[in-house]
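Working through the structure, step by step
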Amino acid sequence: MEASTQRVILHVGTMKSGTSYLQALLFAEKERLAASGVLVPGKSWGVQSRAIQQAIGVADQQRDVWEAMLAEVAAHRGTSMISMEFLGPAKPRRAKRIVEELGGDVDVVLTVRDLNRTLVSMWQETIQNGRSWHWEDYHRAVAEAAPGQGEGVHDRGSAAGSFWRQQHVVRLLDEWASVVGIDRVSLVTVPQPGADRSVLARRFGEATGVDFGTDPVVRTANESLGLASILALRRLNEVLDEQGVTSKAVFRLRKRFLAKTVLAARRSQEPSLGLPVEDWVVQQTRETVAALGESGVRLVGDLADLEPVPVSGVQPADVPRELVAEAAVEALAALIKQQDEA
């Protein structure tokens, strides 16, 4: 299908770099943006997500949602904005096909956050997505396969690969630049802790040339969980794996209901996972920052924002078993209540 438009902005991640916040912002501002000539295609971000999954071939063999989005973009004569972190690690041949199908001038925005905070967030995300890796094993594997150590694996199946395929920033930048040209890529850094959340929105606006107003703050559903809840969820995943339960319905129930609705509400009652800054993180960050600085990419923000930040909290072994059991029982009660009300 041929498509053409004046301009398309692809926000491609990285994962855990404020993507959920920016996606919520796009759809919260959808009508106002439309009035200024900016299209946010799809009725919801979920529709965009489904379309991109079809485009990169991870959803199914159908392309109906993606084709509908292409048609919507083609019919619009101004700027269109699509945001989906699954695009980040897309292979160059797939990225090239997507760009060609979108047509027109395609600009890419890559958001990135410091490595230490990202490491903690990514482990939690893998658990919510159904993995059962212990934190200690995950952490060790990621460290041993860091790009600075000469590997930087990016397979889907291993702990290290699942992390670095999403977080090897230099590789992601190089691959997208090979498709659209480095002059059409903008790198946006996530501010350090303590910054107003709207700073990221303003930086995103500067990178895209789109005005998000004077108070671009939205509430997102992608809240983090307390460590006891994560440990309960990890064990649940382990049991489901043993029983061979892998359906999409279970995935949605676990993440959208158990994690984001039930267990997220317990966050203030539980400790968080902590992580001091280790030497390998410092070294990897130095190499990443140096490479980004030499790449010629347009920078919005400051590379100093990528300086690794200690994450305060405790280790899994420090969490009382009673607290983990409490989280598990509360999740079970919520499931039974939901079934009773169905």
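Residues numbered from 1 in each chain as written. Predicted model: local features only at pLDDT ≥ 70, side-chain atom pairs only at ≥ 80, totals over all residues. Heavy atoms only, no water.

**Side note on the environment of Val47**
The topology assignment puts Val47 in helix 3 (residues 45-56). Each residue touching Val47, except ones within four places of it in the same chain, is listed here: Gly42, Val65 and Met69. (Helix = DSSP H or I, 4+ residues; strand = E, 2+ residues; numbered from the N terminus. Contact = heavy atoms within 4.5 Å.)

**A short note on the pairing of strand 3 (residues 79-83)**
Most of strand 3 is tucked away, with 5 of its 5 residues classed as buried. In strand 3, alternate side chains face the same way, and those of Thr79, Met81 and Ser83 on one face and Ser80 and Ile82 on the other are all buried. Looking at chain direction, strand 1 (residues 7-11) and strand 3 are connected through 5 bridges and run parallel. Paired with Val8 across the strands is Ser80, a residue of strand 3. Where strand 2 (residues 38-39) meets strand 3, 2 bridges bridge the pair, whose relative direction is parallel. Bridge assignment links Val38 to a residue of strand 3, and that residue is Thr79. (Buried < 20%, exposed > 50% of the residue type's maximum accessible area, 1.4 Å probe, protein only. Pairing = 2+ DSSP bridges.)

**Quick notes on helix 5 (residues 92-102)**
Structurally, the α-helix is built with 3.6 residues per turn, so residues lying three or four positions apart point the same way. By the burial criterion, the buried members of helix 5 are Ala95, Ile98, Val99, Glu101 and Leu102. Each buried residue of helix 5 sits inside an arc of 165° when the element is viewed along its axis, so together they form one side. For helix 5, the exposed residues set more than 90 degrees away from the buried face come down to Arg93 and Glu100. Buried positions along helix 5 lie against strand 1, helix 3, helix 4 (64-75), strand 3, strand 4 (105-112) and helix 9 (169-180). Following helix 5 by one or two positions, Gly103 has its phi on the positive side, about 70°. (Arc of directions from axis to C-beta.)

**As for the packing of helix 11 (residues 227-242) against helix 14 (residues 321-341)**
Helix 14 packs onto helix 11 with a crossing angle of 70° between their chain directions and a minimal axis gap of 8 Å. Relative to helix 14, the element helix 11 is oriented roughly perpendicular. Considering how the two elements wind past one another, helix 11 and helix 14 form a crossing that is right-handed. Contacts from Ala228, Ser229, Leu231 and Ala232 of helix 11 reach helix 14 at Leu323, Val324, Ala327 and Ala328. Considering only residue class, the contact of helix 11 with helix 14 consists of 7 nonpolar, 1 polar and no charged. (Axes fitted to C-alpha atoms, helices over the stretch in contact; angles between N-to-C directions. Parallel < 35°, antiparallel > 145°, perpendicular 65-115°, else oblique. Left-handed = near helix turned anticlockwise from the far one by under 90°. Nonpolar A, V, L, I, M, F, W, Y, C, P; charged D, E, K, R; others polar.)

**Let's talk about the sheet that holds strand 1**
Strands pair in a sheet through their backbones, by hydrogen bonds, and they do so in one of two ways: parallel or antiparallel. An order of 2-3-1-4-5-6 is seen for the 6 strands of this open sheet, with the pairing classed as parallel. One side of each edge strand has no neighbouring strand; the edge strands of this open sheet are strand 2 and strand 6 (298-300). In terms of strand pairing, strand 4 meets strand 5 (residues 185-189) through 5 bridges, oriented parallel. Directly across from Val109, in strand 5, lies its bridge partner Ser186.

**Some points on the pattern of salt bridges**
Enumeration according to the criterion identifies 17 salt bridges in this entry. Residue Arg184 is joined to Asp107 by a salt bridge in which the shortest nitrogen-to-oxygen separation is 2.8 Å. A residue pair is termed long-range when its members are at least 10 positions apart, and Arg184 in the loop between helix 9 and strand 5 and Asp107 in strand 4 qualify at 77 residues. Assessed through its relative accessible area of 27%, Arg184 is described here as partly exposed. Each member of the salt-bridge network shares a partner with another, and the members are Arg234, Arg235, Glu238 and Glu242. (Salt bridge = Lys/Arg side-chain N within 4 Å of Asp/Glu carboxyl O.)

**Some points on the packing of helix 5 against helix 9**
Where helix 5 meets helix 9, the closest approach of the two axes is 9 Å, and the angle between their N-to-C directions is 40°. As judged from the angle between their axes, helix 5 and helix 9 are oblique. Considering the relative orientation of helix 5 and helix 9, their crossing is right-handed. Here helix 5 contributes Pro92, Ala95, Lys96 and Val99 to the contact with helix 9, which in turn contributes Glu175, Trp176, Ser178, Val179 and Val180. For the contact of helix 5 with helix 9, the per-class residue count stands at 6 nonpolar, 1 polar and 2 charged.

**Digging into the environment of Gln6**
Looking at the secondary structure, you find Gln6 in the segment before strand 1. Residue classification places Gln6 among the partly exposed residues on the basis of a relative accessible area of 48%. Expressed as a C-alpha distance, the spacing of Gln6 and Gly103, which sit 97 residues apart in the sequence, is 8.6 Å. What Gln6 contacts, discounting residues up to four positions off in sequence, is Arg77, Gly78 and Asp105.

**Regarding the confidence of the model for the chain**
Per-residue confidence for the chain averages 91 on the pLDDT scale, and 93% of its residues sit at or above 70. Under a pLDDT of 50 for its full length, residues 1-5 has, in the predicted model, 24 contacts with residues more than four places off or in other chains. (pLDDT = per-residue confidence, 0-100.)

**A short note on the nonpolar core**
Among the nonpolar cores identified, the biggest contains 41 residues, and Leu119, Trp123, Trp135, Tyr138, Phe163, Trp164 and Trp280 are the most heavily contacted of them. Breaking this core down by element, the ones donating at least two residues are helix 6 (115-128), helix 7 (135-144), helix 8 (159-167), helix 11, helix 12 (248-262), helix 13 (279-295) and helix 14. Once you skip the residues sitting within four places of it in the chain, Trp280 turns out to touch Leu115, Leu119, His139, Val142, Ala143, Ala146 and Trp164. Membership of the second largest hydrophobic core comes to 34 residues, among which are Val106, Val108, Val169 and Val297. (Core = buried A, V, L, I, M, F, W, Y, C linked by side-chain atoms within 4.5 Å.)

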